[in-house]
Structure formats: structure tokens, C-alpha cells
Amino acid sequence: EIEWWLAHRDAGSIRLAVTEGNYPWSDPSSFFPSAIVQHGLHEGICYDLRGFYEKRARDWRKVSDFDSERVRLAADLNGESAGDVLPLWFRDQRRRQRQRFITVTVSAFIFLAAIGFALYQTAETHRERKHAIQQEASRLVAESFEVLERDPATALMTAFEAKRLHPTGPAVAAIKTAYRV
């Protein structure tokens, strides 16, 4: 058919459409019939319609947007520009989709940042509280040793409170010391 067409028509009137394959332009002889390659028709206008097969096209390289390629084909066949053929609503729809994607992406980023900040604040509050408890326990241990000579019972109770707050070596030592007195 190609040879007949070339003998009776203009080579520029042949339009090629690629519907599958990883990257047809990398090795044209394996994707196009030999007559097309022989006459260099694969180097001219070609429509990449591989995007129609969305699931399979994910594994292919450099797949053009299917709708854009259909519009380009329709425009070429009608001698119009793609901008004239592509209706305004379609362009507007694409613009809205891009805006929606950007909005969702930014919202997700803000949401994740807020969660990260909340987790950081919670951890910081926990660290501050733990530090305050350790400080209070240390203060109680010091107080226990301070009142030990005057009031051993108060020293013992203060040491127990320190151990309850933060059971460490100094609190246990204060308890043992208060028992000995």
C-alpha cells in the first residue's frame, strides 16, 4: 500500500501513528515497515497514540499525552492549528486539573508539616516535663540531706518523694541515709 501511495500520491500526505512500543524512534526498522523506513517517512510527522493504553504505556518511554496527540492529528487533517481545534473548555479543564493537583499537593505538604510540628512540640514538652521532674527530684534529695540532722522522719519522707518522682541512685542513697539516722 505504501509503495502504491508513493507512486500515485505525495509522500507528505502519509500520516504515521504509533500505537504501542517502548520507544519506536530508537530503532525505526523494528517498529515501522521497511517501505516507511526506506523512504524516510518515519522522520516526518508522526502521532504518538500510545497514551491510549494507559496501563501498558506506564512502562514505555516518552509517551505523549493521548488527548493532545488526537487534537494534533485532527488539526493537521483539517489544516488548522492545534490551538484552534482544541476547545477552550478542554484547555480550561486541563488548567483546573493542574490547579487541583497543586492545591492537593500543597495541602498535603502543609498537613504533613503540621503533623511534624505537633509531634516535635509533643516530644519537646515531654522532654521539658521529664527535665522538670528530674530537677524536682534532685531538689528533694538535697532537701532531704539538709533536714536530716534536724528531722530524720521528714528527711525520709522527702527522700521517698524524690524516689517516687525519679528513682535514681541519689534518691535511694537519701533513703538509706535517712534510715541509718
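Going by the structure above, here's the rest.
Residues numbered from 1 in each chain as written. Predicted model: local features only at pLDDT ≥ 70, side-chain atom pairs only at ≥ 80, totals over all residues. Heavy atoms only, no water.

1. Here we look at the environment of Arg9
Among the secondary structure elements, Arg9 is positioned in the loop between helix H1 (2-8) and strand S1 (16-18). In the structure, Arg9 is positioned 154 residues away from Lys163 in sequence and 100 Å away in space, judged by C-alpha atoms. (Helix = DSSP H or I, 4+ residues; strand = E, 2+ residues; numbered from the N terminus.)

2. So, helix H5 (residues 66-77)
Taking 1.5 Å as the rise per residue, H5 with 12 residues should run 16 Å; its terminal C-alpha atoms sit 17 Å apart, in good agreement. Of the surrounding secondary structure, the elements contacted by the buried residues of H5 are strand S2 (46-48) and helix H6 (82-85). Gly79 sits one or two positions beyond H5 and adopts a positive phi of about 65°. (Expected span 1.5 Å × (residues − 1). Contact = heavy atoms within 4.5 Å.)

3. Remarks on the environment of Ala11
Looking at the secondary structure, you find Ala11 in the loop between H1 and S1. With a relative accessible area of 32%, Ala11 lands in the partly exposed category. In the structure, Ala11 is positioned 129 residues away from Leu140 in sequence and 97 Å away in space, judged by C-alpha atoms. The contact partners of Ala11, leaving out residues within four places of it in the chain, are Leu6 and Leu41. (Buried < 20%, exposed > 50% of the residue type's maximum accessible area, 1.4 Å probe, protein only.)

4. What about the packing of aromatic side chains?
The way to describe two aromatic rings as a pair is by their centre distance and the angle between their planes. Counted under the stated rule, the structure contains two aromatic pairs. Centroid distance Phe52 to Phe66: 5.3 Å. Interplanar angle 55°. Geometry classified as tilted. Residue Phe52 is found in the loop between S2 and helix H4 (54-57), and its partner Phe66 is found in helix H5; the two are separated by 14 residues along the sequence. Using a relative accessible area of 19% as the deciding quantity, one classes Phe66 as buried. Where Phe160 meets Tyr179, the ring centres are 6.4 Å apart and the plane angle is 85°; that geometry is what we call edge-to-face. In this pair, Phe160 sits in helix H8 (residues 152-165) while Tyr179 sits in helix H9 (residues 169-180), placing the two residues 19 residues apart along the sequence. (Phe/Tyr/Trp six-rings, centres within 6.5 Å; stacked < 30°, edge-to-face > 60°.)

5. Here we look at the packing of H8 against H9
Between H8 and H9, the shortest axis-to-axis distance is 8 Å and the interhelical angle comes to 160°. Considered as vectors, H8 and H9 are oriented roughly antiparallel to each other. Where H8 crosses over H9, the handedness of that crossing is left-handed. Here H8 contributes Pro152, Ala155, Leu156, Ala159, Phe160, Ala162 and Lys163 to the contact with H9, which in turn contributes Ala171, Val172, Ala174, Ile175, Ala178 and Tyr179. Among the residues making up the contact of H8 with H9, the classes are represented as 12 nonpolar, no polar and one charged. (Axes fitted to C-alpha atoms, helices over the stretch in contact; angles between N-to-C directions. Parallel < 35°, antiparallel > 145°, perpendicular 65-115°, else oblique. Left-handed = near helix turned anticlockwise from the far one by under 90°. Nonpolar A, V, L, I, M, F, W, Y, C, P; charged D, E, K, R; others polar.)

6. A look at the nonpolar core
Core analysis: the largest hydrophobic core is formed by 12 residues, namely Leu140, Val141, Val147, Leu148, Ala155, Leu156, Ala159, Ala162, Ala171, Ala174, Ile175 and Ala178. Elements supplying a minimum of two residues to this core: helix H7 (88-147), H8 and H9. Sequence-distant contacts of Val141, defined by excluding residues within four places in its chain, comprise Ala162, Pro170, Ala171 and Ala174. Membership of the second largest hydrophobic core comes to seven residues, among which are Ile14, Val18, Phe32 and Cys46. (Core = buried A, V, L, I, M, F, W, Y, C linked by side-chain atoms within 4.5 Å.)

7. What to know about the pattern of salt bridges
The final tally for this structure, using the stated rule, is eight salt bridges. Where Arg94 meets Asp65, a salt bridge forms, and the shortest distance between an N and an O atom there is 2.2 Å. Taken together, the residues Arg94 in helix H7 and Asp65 in the loop between H4 and H5 connect sequence positions 29 residues apart. Relative accessible area serves as the criterion here: at 23%, Arg94 is assigned to the partly exposed category. One salt-bridge network, held together by shared partners, links Glu136, Arg139 and Glu143. (Salt bridge = Lys/Arg side-chain N within 4 Å of Asp/Glu carboxyl O.)

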